[in-house]
Number of protein chains: 2
Amino acid sequence: MLDKKYLFPEDAVRLIFKHITQRSLSSEIVPIEEAYSRVTAEDIISPEDLPGFNRSTVDGFAVKASDTFGAKESSPAYLKIKADIPMGAIPDFSLSNGEAASIATGGMLPEGADAVVMVEHVNTVSDDLIEVLKAVSPGENVIFLDEDAKKGETIIKAGHRLKPQDIGALAGLGIKDVKVIRKPVISIILTGDEIMPHTEKVTPGKVRDVNSFTLAGLCYENGAIPLKMGIIKDDYNEIKKAVTKAYELSDIVLITGGTSAGTKDLTAKIINEIGLPGVLFHGASIKPGKPIIGGVCNGKPVFGLPGHPVAVYICFELFVKPVINYVFGLTDKNFKKTVKAKMSRSIHSQAGRQDFIRVYLEEHNGEIWATPLLSKSGLIMSLVKAHGIVHIPSELLGILEGEEVFVEIID
Amino acid sequence: MLDKKYLFPEDAVRLIFKHITQRSLSSEIVPIEEAYSRVTAEDIISPEDLPGFNRSTVDGFAVKASDTFGAKESSPAYLKIKADIPMGAIPDFSLSNGEAASIATGGMLPEGADAVVMVEHVNTVSDDLIEVLKAVSPGENVIFLDEDAKKGETIIKAGHRLKPQDIGALAGLGIKDVKVIRKPVISIILTGDEIMPHTEKVTPGKVRDVNSFTLAGLCYENGAIPLKMGIIKDDYNEIKKAVTKAYELSDIVLITGGTSAGTKDLTAKIINEIGLPGVLFHGASIKPGKPIIGGVCNGKPVFGLPGHPVAVYICFELFVKPVINYVFGLTDKNFKKTVKAKMSRSIHSQAGRQDFIRVYLEEHNGEIWATPLLSKSGLIMSLVKAHGIVHIPSELLGILEGEEVFVEIID
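Residues numbered from 1 in each chain as written. Chains lettered and ligands numbered in written order. Predicted model: local features only at pLDDT ≥ 70, side-chain atom pairs only at ≥ 80, totals over all residues. Heavy atoms only, no water.

A few points about the sheet that holds strand E7 (residues 115-118) of chain A
Residue and element names in this part refer to chain A.
1) Next: An order of E7-E4-E6-E5-E9-E8 is seen for the 6 strands of this open sheet, with the pairing classed as mixed. Whereas interior strands pair on both sides, the edge strands pair on one side only; in this sheet they are E7 and strand E8 (122-126). In this sheet, adjacent strand axes meet at a mean angle of 40° when their direction is disregarded.
2) Next: Note: strand E4 (residues 60-63) against E7, 4 bridges, orientation antiparallel. Bridge pairing in E7 places Val-63 opposite Ala-115. (Pairing = 2+ DSSP bridges. Helix = DSSP H or I, 4+ residues; strand = E, 2+ residues; numbered from the N terminus. Axes fitted to C-alpha atoms, helices over the stretch in contact; angles between N-to-C directions.)

Here you go:
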């Protein structure tokens, strides 16, 4: 009804950023073996040149490139084999004009050599003579000293999430430990008299906890540590006690349930009491997830998430994830990975509101079709069945059947 | 030179599949709290109806929808408040025509009610009378009994990698444990006289181990357990001993280095000796990664990966990952997530060969541009700097500047 006074997620998140400190978490030093997916706390500087010598990238013969100029099968260049360079050894000679030395992939070029002819392009004439059947240019099949990384060069920036190949590069440079940002602790408070632990039999009128499991998994996926605070009764004192404790123990507080008309004032009131400035926005122009509450208490983000499982997921992605990345101080550019698909049926949306439609994907004749799962946001199975989410921007009134969309894959 | 006799990755992988057993790994039972990202070993059947009762999805008043037909602000429907339904309680009454009961989100509908009017669409006239300002249709704002999941229904198939919301759904159904596929153990053998541990100072002619760190991270990302077998000298007996041990201890064996002309015959010979059928392909029509060896020894996949860091990464993605997914018995459809970009410069490719170009992405005026990092495949930093990979199919001779490409993001 009153969507116009509500913020869009990107503006709401910016409002939170204004009241918290970027890269606010402390750091710790871990061995590189344990640093996969961790976020760097400082720029990493190359401690040495990589490689530390001119290195062959193929099996063949180290040569002076100029000795091979014009060489072809019909008129090969003839070179004298001066030596064989054993793998991992330092050649104790230098090449003169007209000379070659056999070398394996990874081997060190002798002084005087500036290229390597691949073994496939060589005929061995005798024990000490080869025919080169193809010319090489200077630098061909060679990685020169410091071509990969230069001593003192910044190789990885602060705020980068370390990928397998980054760790490989650190190992290659002899870096044994790396300073990373501590994993943020995210507390999860469930409110609601009707919520029961998943281990218990439900009685009519009750439902089991779904959200703490979804949220814990999303925390793991985003490099955070979930801290489950249990199921709290819809009671001011109980919730206040739980939020106070969560605020002390964690870096970000998530409260689910308690954001609908019935109890929303309770959650908002408590967020306002815990610290300043308190609630920053109450509701956002999105569907699902409209009743979200976002606030900051003395520098710590506190969210009141809706109770519906689908809304919880969407709100985590739109609000909590950017805040996690902000406290991490993540500087990696975030390119949205999508799958191009066509809508299998028209869906309409409300202008002025961003809609997030769960879709199921199917391939027909090489084309991918997205079918909206237009069920109620309280249905957890609709998220289990969905392959991805289609975002309908606020200025559109919907998407027509057959129209092309970019689906953000859930994984 | 001889690309025509080499297989494309998809055909090479199919050849391996013919000689191994799908979902060959044993299973184990784990609590759902530990099942994030694990692969299900069997179909999961809903043990009960979810929800187990008709449930309100909003705060408001449970009604008979027919009592509200035609209601609008100018001519509201008047209903008598029969009762207040406490959260988590079973209503001990049923609604008659003209009656309503106040209900909170998640509350259980009383007998006779088939819809809920949102509190925003109601005026309270007196303690026991409301005006309904907007009609509701039957089922509106209600999740009916078993609408989410029906008892006996397959909710998650075998071979599915469990996402946070899947675990949430299992919790919601009261499922405490889940049977998942054991994580495959992948042994990593490094060969090469020039390779040194990352903890040691390199002497000229030597380089530190990069690949075991990249490969270990890729194993983790794909749900497998890496088993590092150390650095083995380029010696038949030493490599044979290491491969024999790795074959006994692991589900998939990776040998890096030793696939170029100099030592490739050694690796292939040993794979042929360890078990049948042995080497299935030697080389593939790709760049980088051409010298890859793929084989199966008595049902266990064994790969000889090239030694170049970039080639190792590409070969893992193209050959090892599909094999991991196959032994897991993964049935999830794999939709390729990409970022649409324009090439900032032309690159050419060789017909008959699939090229994998590392690219750097930049955004200019809302458009994403991909710049090829056309460095040598031995340069690990080119992979660190790359945001993604552009695949040039074998039938193309290249991509022109300004042409649209779909970049597979590395993350």
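Re the interface of chain B and chain A
1) Next: Of the residues lining the interface, 88 residues belong to chain B; the matching set on chain A comes to 89 residues.
2) Next: Between chain B and chain A lies a buried interface of about 7,500 Å² when both sides are counted; carbon and sulfur atoms form 62% of it.
3) Next: Per-residue buried area on chain B facing chain A is highest for Gln165(B), Phe335(B) and Lys337(B); these three make up 9% of the total on that side.
4) Next: For Glu194(A), the salt bridge is made with Arg55(B), and the minimal N-O distance between the two is 3.9 Å.
5) Next: Of the residues forming the side of chain B that touches chain A, the biggest block, 8 residues, is contributed by helix H2 (residues 164-172) of chain B.
6) Next: Its residues assigned to classes, the side of chain B that touches chain A shows 45 nonpolar, 21 polar and 22 charged. (Contact = heavy atoms within 4.5 Å. Buried area = accessible area lost by both parts, 1.4 Å probe. Salt bridge = Lys/Arg side-chain N within 4 Å of Asp/Glu carboxyl O. Nonpolar A, V, L, I, M, F, W, Y, C, P; charged D, E, K, R; others polar.)

Details of the nonpolar core
1) Next: In terms of nonpolar packing, the biggest core is built from 72 residues, with Leu254(A), Phe303(A), Phe319(A) and Val178(B) touching the most fellow members.
2) Next: The biggest single contributor to this core is helix H6 (residues 309-328) of chain A, with 14 residues. (Core = buried A, V, L, I, M, F, W, Y, C linked by side-chain atoms within 4.5 Å. Buried < 20%, exposed > 50% of the residue type's maximum accessible area, 1.4 Å probe, protein only.)

Some points on the domain arrangement of chain A
1) Next: Splitting chain A by domain gives domain 1 (3-25 + 182-328), domain 2 (34-49 + 150-181), domain 3 (55-143) and domain 4 (338-409).
2) Next: Computed over C-alpha atoms only, the centres of domain 2 of chain A and domain 3 of chain A are separated by 35 Å. (Domains from an automatic or database assignment.)

With respect to the packing of helix H3 (residues 211-221) of chain A against H2(B)
1) Next: In the contact formed by H3(A) and H2(B), the axes pass within 7 Å of each other and the chain directions differ by 155°. It follows from the interaxial angle that H3(A) and H2(B) lie roughly antiparallel. Taken as a pair, H3(A) and H2(B) cross one another with a handedness that is right-handed. Only Pro164(B), Gln165(B), Ile167(B), Gly168(B) and Ala171(B) of H2(B) make contact with H3(A), whose side of the interface consists of Phe213(A), Thr214(A), Gly217(A), Leu218(A) and Glu221(A). (Parallel < 35°, antiparallel > 145°, perpendicular 65-115°, else oblique. Left-handed = near helix turned anticlockwise from the far one by under 90°.)

Focus on the side chain of Arg358(B)
1) Next: Tracing the backbone shows Arg358(B) in strand E24 (residues 354-364).
2) Next: Salt bridges are absent for the buried Arg358(B), whose nearest opposite-charge side chain, Asp148(A), sits at 8.5 Å.
3) Next: Looking at Arg358(B), its side chain comes within polar contact range of the side chain of Ser382(B), at 2.6 Å.
4) Next: Those residues in contact with Arg358(B), other than ones at most four positions away along the chain, are Val310(B), Thr371(B), Pro372(B), Leu373(B), Ser375(B), Lys376(B), Ser377(B), Ser382(B), Leu383(B), Ala386(B), Gly388(B) and Ile389(B). (Lys, Arg positive; Asp, Glu negative; His and termini not counted. Polar contact = N/O pair within 3.5 Å; in protein donor to acceptor, adjacent residues only side chain to side chain.)

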